[in-house]
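Listed below, chain by chain, are the residues.
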Amino acid sequence: MIAKKQKYLSNLISRSAALIVGIIGLLVIIGWIFGIPVFKSIFPNYISMKFNTALCFVVAAIAVWFLNNKNLSLQAKIVIIISIAIILVISIINGIELLFNINTGLDELFVRDDINAVATTYLGRMAPTTSIAFMITSIILVILLFDPNEVKTSTTFSIILLALSLFSFFGYILGIDAYSGLFFNVTKMALHTSLSFLILSVGLIVKNQGVGIRSFFTSDTIVWKFVRRLVPLLVILELFLSWLHIFGSSRDWFSQAFGIGLFSVINLFVIILIIFWNALRLVDVENRIKGKEIELIKAKEKAEESDLLKSAFLANMSHEIRTPMNGVLGFAELLKDPNLSKGEQQHYVEIIEKSGVRLLNIINDIIDISKIESGQMKVNLNVSNLNHQIEFIYTFFKPEIEGKKMSFRKRCTLPSEEVNIITDQEKLLAIFTNLVKNSIKYSDSGTVEIGYDQKGNYLECYVKDSGFGIPKNRQSAIFERFIQADIQDLKARQGAGLGLSIAKAYVEILGGEIWVESELGQGSTFHFTIPYDHKITEGPVKEGTESKNNGNDSSKPLKILIVEDDEISRILIAKTVNINFNQILHTTSGIEAVEICRGNQDIDLILMDVKLPEQDGYETTRQIRQFNKKVVIIAQTAYGLVGERERAISAGCDDYIAKPINKIELMDLIEKHCNNKFEPKFDTIK
């Protein structure tokens, strides 16, 4: 993209230069043919551009124009060669005339010069500097035509051409004839001839794409930006001063010495102003660069800290996952011992169950934090009773807290009918759960208390403990993600260090804030607020959804289809539901499940695994729904991510359950959707 932009700009500038030079040449030719003095000379009593000079400029402009074509045709090459030949012939003949002081008559071949326009030995003869400049121009055109890759050589000659034109131009500005005539006492280069060569040389340099040319027009670096500002300012300044000097001296407003002095003083003053202006800009840029450097240093330090925290978190995760896995695998191995007593077997099973729950909690925390990080956590607002929530937390954690020889208290300051609030019940429970777990983890004795107070339009909830406490310098850090791994705590407890981070995120999602008050060795109190969006309802608050009645009755035998490709999961589900269904059908394929449903229109329930070979559970569900709208389909998946429930419902499932499947949750779903008195199982069809 940048290369195309560079090529486009170089062609545009080169062709523009050729067009300007060609127009100047044509105007001069018209001036000679029709006798228009202003076309032949910019100012009265100044050197006129000769007819042969104008002709060379026109053919040179034609050659440069064609050289900018992407692909040169044979006709274009012929035109360029003819143009080069014309320039060479005219410039060489003029050079020979000057060297040997002869007159070939070329000057008067096209049109006779006007004796009033210029006083020279030969009226129509090209100036020596002009002849040399055209020889250099023809060399550049030959290189560009036959060896365009020889950039350095053509650029060097183009810079020499630029220097010649500038030398002549400044001769006019300073009033030094020797500059314009290149120390030849014959004829000076005309002012607009020097300007034409100046424009043509710039076009040729850009066409060559020499050193620095691409950068000048396309680079975004600070240096080249300043160059792009300075060059136009200096060019405009010199042009204005030259015009002022020539215009004033031609009208005898001031002497040549005074004009040169005025030119020098103004030039010096303006250049100093430009330098000062750019210096101020550079200081501003330098300050911005320093600010960016400070930001980069801070970002680097933060990235390094984050990297260390994540590395420590991964190490902690490895420990947290391996520990319960060790309990599951280790005690499962011990259960193989045939000499175990029933008490030992029961104890080992309980250990395996606790280890599994711990492992599942870790996985749930990781899934929750990933939802929060990605911004995919949704809020499900409904009416919830805060007193009932606290009662549930109290009942749930009381055995565990009392098992540590600690007391558990609850404090509800408002009657139940005044705390029917609109909030996300699951997230509120998760906040209380994480905070209570944290208090249990970091307390070995004393009391844990939960409660709330009304503070205006907010309810300020709290969880208070008499545990170890938190140092002042760590109280703001404990809510950060993965921060537990950064605390070198000799009393570090089990957990991934995500509970408080999840609680903080949930509180903020619900529109509140969370903070902690703690003294080392004296316990901690976690406070959080939630909007007091009070909802008055008549009668008790109903939680959940009304059961779905499919019209089944207790006398009808129930049939279930388990679509599951994992054998262990299939056996577990079959053992879980075998006392509730008369017939249990199995399949490991989504395609086969569709055929089984076609042949068994009386199936009451389908437990549909989402991840299946050949055809996934969602597509299988869609196909079944085409011919059976009544069967209850519950999706089961190990993904457990945001959107899975919605995806299942949109595919045609009635409900969704995440793996590992909890027996109580599964039976609640079955009762909710089937609403039957289950009969004992008579047979199982595999």
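Further up the page is the structure itself.
One structure accompanies this document, and this report is about it. (Residues numbered from 1 in each chain as written. Predicted model: local features only at pLDDT ≥ 70, side-chain atom pairs only at ≥ 80, totals over all residues. Heavy atoms only, no water.)

Helices and strands together make up the secondary structure of the protein chain, namely 21 helices and 12 strands. Counting the 686 residues in the protein chain, one finds 42% classified as buried. Across the protein chain, contacts joining residues at least 24 apart in sequence account for 71% of those joining residues at least 6 apart. For the protein chain, the accessible surface area stands at approximately 37200 Å², while carbon and sulfur atoms represent 60% of it. (Helix = DSSP H or I, 4+ residues; strand = E, 2+ residues; numbered from the N terminus. Buried < 20%, exposed > 50% of the residue type's maximum accessible area, 1.4 Å probe, protein only. Contact = heavy atoms within 4.5 Å. Areas by Shrake-Rupley, 256 points an atom, 1.4 Å probe, with all protein chains shown as cover.)

Every buried residue of helix 18 (residues 590–599) is accounted for by Gly 590, Ala 593, Val 594, Ile 596 and Cys 597. In a view along the axis of helix 18, the buried residues occupy a sector of 165 degrees, so they form one face of it. Tucked inside the fold, the buried residues of helix 18 contact strand 8 (559–563), strand 9 (583–587), strand 10 (605–609) and helix 19 (617–625). Where helix 18 starts, the residue carrying a side-chain oxygen 3.3 Å from the main-chain nitrogen of Ile 591 turns out to be Ser 589. (Arc of directions from axis to C-beta. Polar contact = N/O pair within 3.5 Å; in protein donor to acceptor, adjacent residues only side chain to side chain.)

To continue, consider the pattern of salt bridges. Side chains bearing opposite charge may pair, as long as their charged atoms lie close to each other. Applying the stated criterion across every chain yields a total of 17 salt bridges. Close ionic contact of Arg 409 with Glu 449 constitutes a salt bridge, the shortest N to O distance being 3.3 Å. Highlighted residues: Arg 409 in strand 2 (residues 407–411) and Glu 449 in strand 4 (residues 447–455), separated in sequence by 40 residues. A residue is classified by how much of its surface remains accessible, and Glu 449, at 13% relative accessible area, is buried. When the shortest N-O distance is used, the salt bridge between Asp 602 and Lys 559 registers 3.0 Å. Linking Asp 602 in the loop between helix 18 and strand 10 with Lys 559 in strand 8, this pair joins segments that are 43 residues apart in sequence. Residue classification places Asp 602 among the partly exposed residues on the basis of a relative accessible area of 41%. (Salt bridge = Lys/Arg side-chain N within 4 Å of Asp/Glu carboxyl O.)

Checked against the element boundaries, Phe 528 lands in strand 7 (residues 523–531). The spacing of Phe 528 and Val 516 is 12 residues in sequence and 8.7 Å in space, taken between C-alpha atoms.

A few words now on the state of the cysteines. The full count for this structure, using the stated rule, is 0 disulfides. Take Cys 412: it sits in no disulfide, and the sulfur closest to it among the cysteines is that of Cys 461, at 9.6 Å. (Disulfide = S-S within 2.5 Å.)

Let us now look at helix 21 (residues 663–674). Residues spaced three or four apart along an α-helix face the same direction, because each turn holds 3.6 residues. Between its first and last C-alpha atoms helix 21 spans 16 Å; for 12 residues at 1.5 Å apiece the expected length is 16 Å, and the two agree. Of the positions making up helix 21, those classed as buried are Leu 666, Met 667, Leu 669, Ile 670, His 673 and Cys 674. Each buried residue of helix 21 lies within a common arc of 155 degrees when the element is viewed along its axis, so the set occupies one face. Elements that come into contact with the buried residues of helix 21 comprise helix 17 (567–577), strand 10, strand 11 (632–637) and strand 12 (655–658). (Expected span 1.5 Å × (residues − 1).)

Attention shifts here to the packing of helix 15 (residues 425–441) against helix 16 (residues 499–509). Where helix 15 meets helix 16, the closest approach of the two axes is 9 Å, and the angle between their N-to-C directions is 150 degrees. One element, helix 15, and the other, helix 16, form an angle in the roughly antiparallel class. Crossing hand, helix 15 versus helix 16: left-handed. Each of Lys 427, Ala 430, Ile 431, Asn 434, Leu 435 and Asn 438 in helix 15 lies in contact with helix 16, whose residues at this interface are Gly 499, Leu 500, Ile 502, Ala 503, Tyr 506, Val 507 and Ile 509. Classifying every residue of the contact of helix 15 with helix 16 gives 9 nonpolar, 3 polar and 1 charged. (Axes fitted to C-alpha atoms, helices over the stretch in contact; angles between N-to-C directions. Parallel < 35°, antiparallel > 145°, perpendicular 65-115°, else oblique. Left-handed = near helix turned anticlockwise from the far one by under 90°. Nonpolar A, V, L, I, M, F, W, Y, C, P; charged D, E, K, R; others polar.)

Turning next to the sheet that holds strand 2. The strands that make up a sheet pair up through hydrogen bonds in the backbone, lying either parallel or antiparallel. Read from one edge to the other, the open sheet built from 5 strands follows the order 2-4-5-7-6, with strand pairing classed as mixed. A strand with exactly one partner marks an edge of an open sheet, and here the two such strands are strand 2 and strand 6 (514–519). With direction set aside, neighbouring strand axes in the sheet form an average angle of 15 degrees. Both strand 4 and strand 5 (residues 458–465) contribute to a ladder of 8 bridges, which runs antiparallel. Residue pairing in the sheet places Lys 455 in a bridge with Tyr 458 of strand 5. (Pairing = 2+ DSSP bridges.)

Right, let's get into the sheet that holds strand 11. If you walk across this open sheet you meet the 5 strands as 9-8-10-11-12, and the pairing is parallel. Looking at strand neighbours, the two that pair on one side only are strand 9 and strand 12, the edges of this open sheet. The sheet shows a mean angle of 20 degrees between the axes of neighbouring strands, taken without regard to direction. The pairing of strand 8 with strand 10 spans 4 bridges and is classified as parallel. Bridge pairing links Ile 560 to Leu 605 in strand 10.

Taken together, Leu 19, Ile 23, Leu 27, Ile 30, Ile 33, Phe 34 and Trp 65 make up a surface patch of nonpolar side chains, about 670 Å² in accessible area. Among the elements that make up the nonpolar patch, the one with the highest residue count is helix 1 (residues 2–34) (6 residues). Along the chain, the position of Leu 19 falls in helix 1. On the basis of relative accessible area, Leu 19 is assigned to the partly exposed category, the value being 47%. (Patch = residues over 30% accessible without salt bridge, like charges linked within 9 Å, V, L, I, M, F, W, Y side chains within 5 Å.)

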